[in-house]
Every structure is written in C-alpha cells, then in structure tokens.
Amino acid sequence: APSKMKSTKSMGKKVVMKRDSSDAPMQEKPAKKRVEEEPNAGWTEPTTVMVKPPEQLDLNEKELAADQTRILSAKDPSAPHNITRYSFQLQSYKLDASVEQMATHFEMQGNLYHHDDEQGVRILAGKEAAEEANRRAAEAEQMGAEAGATDATLHRNQFNFSERACQTAMPPHRDRQVATQPPPSVVFSNTAGLCEIFDAYTEDLQRQRIAKDKAAEAAKASKNRKEDKVEDDEAPDDSSNSNKDMDMVHSAAMQKSLKIMERMLNQNTYDEIAQDFRFWDDASDGFKEGEGTLLPLWKFWSERARRKHVTALCWNPHYNDLFAVGYGSYDFMKQASGLICCFSLKNPSHPEYSFTTETGVMCLHFHPNHPSLLAVGCYDGTVVVFDIRNKLNKPIFHSTVKTGKHTDPVWQVTWQKDDGVKSLNFFSISSDGRVTLWTLSKNELEYTDIMELKLTGLVTSDHDEQEETSLVGLAGGCCMDFNSFTDHLFFVGTEEGRMHKCSKAYNSQYLETYEGHLMAIYAVRCNHFHPRVFLSASADWTVKLWDHQSRHPLMSFDLGNAVGDVEWAPYSSSVFAAVTNDGKVHVFDLAENKHEAMCDQKVVRKSKVTHVAFNPNPDSAILLVGDDRGGVLALKLSPNLRRTEAQKRSEAKASEGVDIKKAPPKKKGAAAAGGGDEGEAKVQLTAADMEVEKLDKLLGLSSHTTASPTATAATGAAPAAAP
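Residues numbered from 1 in each chain as written. Predicted model: local features only at pLDDT ≥ 70, side-chain atom pairs only at ≥ 80, totals over all residues. Heavy atoms only, no water.

Focus: the pairing of strand β4 (residues 92-95)
Residues in a regular strand point their side chains to alternate faces of the sheet. Pairing geometry for strand β3 (residues 84-87) and β4, over four bridges, is antiparallel. The partner of arginine 85 across the bridge, within β4, is lysine 94. Taking the residues between adjacent antiparallel strands as the criterion, β3 and β4 are bridged by four residues, where glutamine 91 takes a positive phi near 60°. (Pairing = 2+ DSSP bridges. Helix = DSSP H or I, 4+ residues; strand = E, 2+ residues; numbered from the N terminus.)

Re the environment of isoleucine 429
Mapped onto the elements of the fold, isoleucine 429 is located in strand β15 (residues 425-430). The spacing of isoleucine 429 and glycine 477 is 48 residues in sequence and 6.0 Å in space, taken between C-alpha atoms. In contact with isoleucine 429, not counting residues within four places along its chain, are Pro409, Val410, Trp411, Gln412, Arg434, Val435, Leu453, Gly477, Cys478, Cys479, Met480 and Val492. (Contact = heavy atoms within 4.5 Å.)

Comments concerning the sheet that holds strand β10 (residues 361-366)
An order of β10-β11-β12-β13 is seen for the four strands of this open sheet, with the pairing classed as antiparallel. Each edge of the open sheet carries a strand with a single partner, namely β10 and β13 (397-398). Pairing between β10 and strand β11 (residues 373-378): five bridges, direction antiparallel. By the bridge assignment, phenylalanine 366 is partnered in β11 with leucine 374.

Observations concerning helix α13 (residues 687-699)
Taking 1.5 Å per residue as the helical rise, α13 with its 13 residues ought to reach 18 Å, and the 19 Å between its terminal C-alpha atoms agrees with that figure. Among the 13 residues of α13, 10 are classified as buried, and the element is accordingly described as predominantly covered. Of the residues making up α13, those classed as buried are Ala688, Asp689, Met690, Glu691, Val692, Lys694, Leu695, Asp696, Leu698 and Leu699. One or two residues past the end of α13 sits glycine 700, with phi positive at roughly 70°. (Expected span 1.5 Å × (residues − 1). Buried < 20%, exposed > 50% of the residue type's maximum accessible area, 1.4 Å probe, protein only.)

A closer look at the side chain of lysine 694
Looking at the element boundaries, lysine 694 is found in helix α13. Residue lysine 694 is classed as buried on the basis of its relative accessible area of 6%. Those residues in contact with lysine 694 that lie beyond four places of it in its chain are Ser572, Ser573, Ser574, Ala591 and Glu645.

Below is the structure:
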C-alpha cells in the first residue's frame, strides 16, 4: 500500500518513511483493528551503550584474569594531609598529624522507639488518632455545604450546661437631708501693744527652733539605719511622742518578752538537738580506745551571708553561748561587702546582732574584759571597732588613710590585755608587712607600728640588708599570736613560710626565726597551759608543733590537704583540732596517739572548711567550724576527745581502789616555808600543773626551764614574777 507508513530501525532510533503520493491509495482500516493487528507498533528496542571513564586502563584478558589484592581503610581520600599549626611550646609551625577522616553523607536527628515500648505505643496511638481525625474530616467534607455549616457552629456542652438567668431588683433612690445648727461664735477684741507682739514673735521663733532640732535628730537617726528611709524634716507633734511612749508593742519590755518567746519556740523546734547537746555521750567510746567522734548539732546560717566565705570565728569571753562570725571572700577576684553576725546557741535560727562593712571581713576578736567591744579587720586594710550593744550599723572607731590604715588585707586582730593601761588597744597584722598597735582615743584610732616584717634569707651580709629590703619590700604577715605567760612575746607567720619570734619591747630585729614550712602559714596558736609550746598550720598540708627555744619543729603532722586553721583545746594541753580544704576536721590528742588523729571526720560536702574554734568554757565540749558557703556547724566532742589529765588520774586511782581526797587549801606563806614530803606535793598539784607535767613528758622538755603555771593559765593572765 503506497499510503501506509513504514518504520525501520537505524542506530536505535525510529525512522518513519512515506510513499509517493502518486501511488494508488489503499483502503483504510479502522484504528481499533489496526491496534489489534500491531500491538507492538510503538515499542522500540533499547540500545546498549558502554560508558567508559577516560582514566580507565585498557587491560587484556590475561591482566583482567589476574587477582589484585586491595586493602580497604577508613581514611578519607579527600581529607587534607598537610595541615600545619603553630606550636607555642616549640615556638614554630608544626605538621599536625590528627586529621578528621570521617565524611558525613547524610545525617538526620530523630528518636527510635520500640513499638512495644510505652513511648512507642503512645506515638502509634497518636498517629492512629490523627489518621482517624483526617478520615472524619474527609467524610464531613463529602456531606456537603449544609453539614459543613452545621459543624462550624459552636456546640454547647450537652451534659452539664443549663441556661439560667437572674435579675435583681433595683433599690429605690432615697433623698436624705440633715439640718444642723451653726456653731456658736463669740466676738473678742483686745488692744495689742509692742510688748505683746514682741513676746508672741519670740515664742514662735523658739517653737520653730525646737521643731528644727527635733527634725534634725530624727533625720540623723534614720540615716544611720540602712533599712529605714529618711524621715521628713517636720517635727513630730507632742501628742505623737506621748502616744509612742505609751505604746506597749514597741516598748523594751515587749521586745525582751518576744525574744524569750522566740527562744522557747526554737528550743521546742530543736528539742532533739538540745537534748543531745545536754546529755549525749557516745557509748561506743568505752570500747574504742584511741578513737573519738563528732556529733553535728546546729547549723547557723543567714540569708544575707549567701555566696560568702566564713573568714573568722570568735567566741565571746563572757557569754559562753554567744559567738561572732565574719563573712568575706578568699576569692580576691570576687570581692563584695562584708558581714558580721553574732549568733547564740539559744537561737540558731537568726543572728542576735548583725553589722555590715564596705569590704569583706577578714578577722575579728572580742575584748577579753569588755565583751561588747569587737575589733574587725577588713580586706581594704581598714580596722574598725563595733559596740554590739549599739543597734546602729555604725562602728564607734574607724581607721582611715590619715590615721595610718593598712594598704593590704588585715589577716588578724588581737586585743591587748589591760595591764594598768588607761586606753584600750589592740594589734593587727597585714600583708603590707606591718604589725600595728591601735589605741582607742576619744575621737579616733591612733596607730603605732610595733614592727616591720623584713624578709630573711635574701642577703648574705648585714651591709646589704637595708638595700635589699628597699628593693624587694617587706614580708607579708598572715597570722600572729601572743604568749599567754609572757605578754611582750608574740609569734608571727608570713606568706613565705617562715615564723618569727618578736617582742613589743625590742622591735629592731627578730628574736628568732623558724623555718619548717614551704608555703604560707595560715595560723599560729600558743598553748594555753605550757609557756613554750605553740602550733602552726600551713598551706603545705602540714601542722607543726614547736618549742620556741628550738629552731626545729618537735612534731609534724601531714593531713593530706591544705590546712585552713588550727586551735588548741581549752581543757587539755595535748588536744588540738585542725581543718582542711577537703571538708574534714582532725582532732589530735598527743597523750593518746602522737602519730595519727583520734578523729578524722568529714563534716561538710562539696565545700571547704576554713576556720575552727573551741568554746572557751573548759566544761563545754562544743567545737565550731565554718565553711566557704557561709555555714557554721556546731559539733560536740565524744568523751574520748575531751578527757583531761585530772580525769585520767582520778580514774586510774579509782580503778586501783585509792580513796581520793580533796587537798586542803594552802595557807599564806606555806609556799615560802617549803618542806613537806613528795607525796603531799603531788596531791596538791592543780589541773593546770598536771597538764604542763603531761606535756613535758610527752615532748621530752626539761622541767627546770618551764614555768609552772597555776590557775592563772586557765584565765589567760600572766603569772606574777617570783621575788
């Protein structure tokens, strides 16, 4: 047929050829029949094209048949291998061998749950609910426009909905009128002369002057109180003053009653702790020789002391339940204002008194004879004196640049004993190398530099000492303590790890220098019973026991961490406690164990213990520790930790069956007359003499060089010189 199309295949392409139009036409067939006759008329056989990369090698059959061994590695072929970085240690550029070999092609964050898991069941239920909602929405769309309009309306809750209405009656308006009588009036007339006018003006001026004075006093009192606002300058009326005086709520008697009531409530709240404080004794001490425990009692804390360190602890010498806590910061890059809180064991919930300072408090000390005076040393070198009886937040004495304040933080202040001196005075030591005596005069603090701490061990000859000191400055003082029996003798610890024995009467040079520590010395404590023994605590993890007549330590105790503070017990010459930065309290009794602590107990978690203080009452067994989070914890010592030499001797005599009799009082002149056998002398030994004798035996000290302190050792007064 000339009009029929003919298809051919050439190079995988379909070519359509047509006949000449002059050929005879053929009869056309229906299209449906043509499709049935030619079912594969539109299909074309695919052609195979070999794609060969340009870098592929041309190999023969022998080379193709050969086995090639390849090792697959996890290295990224496109990772760089010549990365060079600068080394600050070698001061040059160095080829970095660490190259990231992992290449991420696809990353998707998601969660994988098991279908039987609770979370998986919840997800599947959510998907089914969503599909059900979609299905219902599709069905609603098929219902037409009417159903859609019906669904768009708001449906009320058909279960608990009830339509109610209420209308109240409006009260009728009422007009009320009151008729009053006018006040009575009196016509008064008088003739005023010059004298009456002058007297009236004089009385008015005097009344205005009194009003101004009262307003000035009120403004001054309100300005001293930080929490109160400045009052108006208007003078209060006489009626208001009389009402205030008659107000019982704000009277002193009501305040005293409220304080007693608060203490009673606290005693009921902390009844179990109060019972432990009064009656608890660890019964297991009878089965554990050479060991003891500490029982935590109260924890003293104030909201205002948040994020502050406990930098000082001091008991009041007159009131055995009252103690002062100083708050500052040992992190010298984060300094803030300071706080002083006076707590009582009778009220652990809130401080009895509180005072603030401009900078952090570093140390404080109560006067031994005037228990209301509190000397404070601050971070900026200022020393202040507070009277805790004064309710105003203002010190009674304050050092300034004019009065010779320190230029570095004040690390310790100590009151001087009243030896017939009219004016009160105290000592301070600072990192600027000065030991200063401050005297309380009428209006201000007067200072006297007792000693300047010169650096030792830097020069080889005395000729170059002055020049070398001027070049390197003075040694930084960290702590100090006075001898209980020799008032002019005191010991100083420095930042360089050296201790110096000094005298108030001889300030040109040191009496002795002790070298034993390798880092800064944080505390120096003289023994309360023995005139020659003292302790030192340092950041080199050690506590050392010294005899001030020897340059080398008698004993050394390694506590495994930096020692923050050390303190002698007031009831025994051989018991002392030390605290470390790992939150532990170490209590030693040299009479029981010279090498290890009797108690090694962790009292705080995730904080450092900074200071420790024994209650000055020998009959009390309370120990205070402060940490770097503003908390102060009261601990009670078990019986093994508070045994005295007199108790041990009485127990030994009781076990032997010896009847213990009290020694008769000494007569005047009996000591001068002498005589008596050795047995009577032993019976008449006081508790202080027993403690000194015990420490002499433990440390091997010669008894003829040791002054025998009597009962004056317990009170801290120096013994009178022998005639």
